[in-house]
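Secondary and tertiary structure notes
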Amino acid sequence: MDLKTESHENTLWVHLDEPRLDAAVALRFKDNMRDICLPHYHRIMLDMSAVTFLDSSGLGALVAVMKSLSKDQTLELAAPSFNVSKVLRLTRMDTVFTIHATLADARAAGGFDAVQS
Amino acid sequence: MPSNPEGAPLQCPASHRRAAPQPFQVSLAADHLAVRDALRTILAQVVAHIPADDAGTLELLLAEILNNIVEHGSVPAQAAPITVSVDLQKHALACEVCDPGIALPEHLLVAPPPTAAPYGDHLPEGGFGWPLIHDLAHNLTYRRAAGRNRLSFNLPLTRGPSHH
């Protein structure tokens, strides 16, 4: 489970460098995310651009991570692939997560570009 | 990538064109990493012959069915392996998954009614698998015989196999 992080003030970017978020890694993903999503990060941006496959176990782990956050924390999904978006849509979880279609969209929404320039 | 200045349909040279695979079967043990390997093997056989969307749907369907067997099937360690049979037909993929686990509870074979969009503290962390299977599989059929479960389904192709 390869999670690379970068933080800026209250935002934590998590880059999920795994091609599959599936039953084989769902538990480890959930545990690792709970370890790194510290309370002072109000916004967790999960970069999913490397993930080509999401199954129901991976989706359950995403929901579990979101539910484990405190009231003033959010989990947002950035750049889900076609197959990942399909699972989110079919399960109606696209209405639950804030989803940014591209990394650029997510960075703009997070105020990241403005801060860096 | 071949250049294609005329905008004509890209065609593989005849020497690279592959015939559709014969029906084939893959066997696997009841664990999550074996499921990954089996999916990779199956997808490699069909991916050149079906649209990418359908390949993604097939992978998701088989992953859900196989992971259910791994997690809930109570498959004995010394049991015969799980088998997945795949038959690429002209307009559909016909699949059958056979496993030596406990009988499938009947209620899972009935498509669940549509539910309201989930929200807030009531978000489920599981139970997504069977609704996905019912959404994506056609002609889902279950038989229990000789101590084995046989779950079969069709996946209509969004267009014919690419070699036609």
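Scroll up for the structure.
Residues numbered from 1 in each chain as written. Chains lettered and ligands numbered in written order. Predicted model: local features only at pLDDT ≥ 70, side-chain atom pairs only at ≥ 80, totals over all residues. Heavy atoms only, no water.

1. Topic: the interface of chain B and chain A
With 26 residues of chain B at the contact, the number on the chain A side is 27 residues. Together chain B and chain A conceal approximately 2,200 Å² of surface at their shared face, both sides included; 60% is due to carbon and sulfur atoms. Considering only the surface of chain B that becomes buried against chain A, Arg36, Glu125 and Phe128 of chain B emerge as the three largest contributors, covering 28% of it. Of the charged contacts in the structure, one is a salt bridge between Lys67 of chain A and Glu125 of chain B, with a shortest N-O distance of 3.5 Å. For the pair chain B and chain A, the interface holds 6 residue pairs in polar contact (both at pLDDT 80 or more). Per-element accounting of the side of chain B that touches chain A gives the leading share, 9 residues, to helix 2 (residues 52–72) of chain B. Classifying every residue of the side of chain B that touches chain A gives 12 nonpolar, 6 polar and 8 charged. (Contact = heavy atoms within 4.5 Å. Buried area = accessible area lost by both parts, 1.4 Å probe. Salt bridge = Lys/Arg side-chain N within 4 Å of Asp/Glu carboxyl O. Polar contact = N/O pair within 3.5 Å; in protein donor to acceptor, adjacent residues only side chain to side chain. Helix = DSSP H or I, 4+ residues; strand = E, 2+ residues; numbered from the N terminus. Nonpolar A, V, L, I, M, F, W, Y, C, P; charged D, E, K, R; others polar.)

2. Focus on the sheet that holds strand 4 (residues 138–145) of chain B
Residues and elements named next belong to chain B. What the 5 strands build is an open sheet, ordered 1-2-3-5-4; its pairing is antiparallel. Two strands in the sheet have a free side with no partner beyond their single neighbour: strand 1 (24–28) and strand 4. This sheet shows a mean twist of 15 degrees between the axes of neighbouring strands, independent of strand direction. Pairing analysis gives 5 bridges linking strand 1 to strand 2 (residues 82–88), with the strands arranged antiparallel. Bridge assignment links Ser27 to a residue of strand 2, and that residue is Thr83. Each of strand 1, strand 2 and strand 3 (92–99) touches helix 1 (residues 32–46); the most contacted strand, strand 1, lies at about 165 degrees to it. Each of strand 4 and strand 5 (148–156) is contacted by helix 3 (residues 129–136), which is oriented at about 120 degrees to strand 4, the strand it contacts most. (Pairing = 2+ DSSP bridges. Axes fitted to C-alpha atoms, helices over the stretch in contact; angles between N-to-C directions.)

3. A short note on empty space enclosed by the protein
Over the atoms rolls a probe the size of a water molecule, and in doing so it shows where empty space is left. Inspection of every chain in the model, using the stated rule, returns 2 cavities of 30 Å³ or more. Its volume calculated, the largest cavity comes out at about 50 Å³. Forming the walls of the largest cavity are Arg20, Asp22, Ala23, Ala24, Phe53 and Asp55 of chain A together with His32, Val35, Arg36, Leu39, Ala63 and Asn67 of chain B. Looking at the lining of the largest cavity element by element, the count peaks at 4 residues for helix 1 of chain B. When grouped by side-chain class, the residues that make up the lining of the largest cavity number 6 nonpolar, 2 polar and 4 charged. Its boundaries defined by the atoms lining it, the second largest cavity holds a volume of some 30 Å³. Lining the second largest cavity are Phe53, Leu54, Asn83, Lys86 and Val87 of chain A together with Gly56 and Leu60 of chain B. At the level of elements, strand 5 (53–54) and helix 3 (82–90) of chain A together with helix 2 of chain B are the ones that each hand at least two residues to the lining of the second largest cavity. Considering every element that reaches the lining of the second largest cavity, the biggest residue donor is helix 3 of chain A, with 3 residues. Residues that form the lining of the second largest cavity fall into these classes: 4 nonpolar, 2 polar and 1 charged. (1 Å grid on protein atoms, 1.4 Å probe; cavity = no way out; pocket = protein on both sides within 12 Å on 5 of 7 lines; lining within 4 Å. Points joined across faces, edges and corners; volume = space filled by probe spheres on them.)

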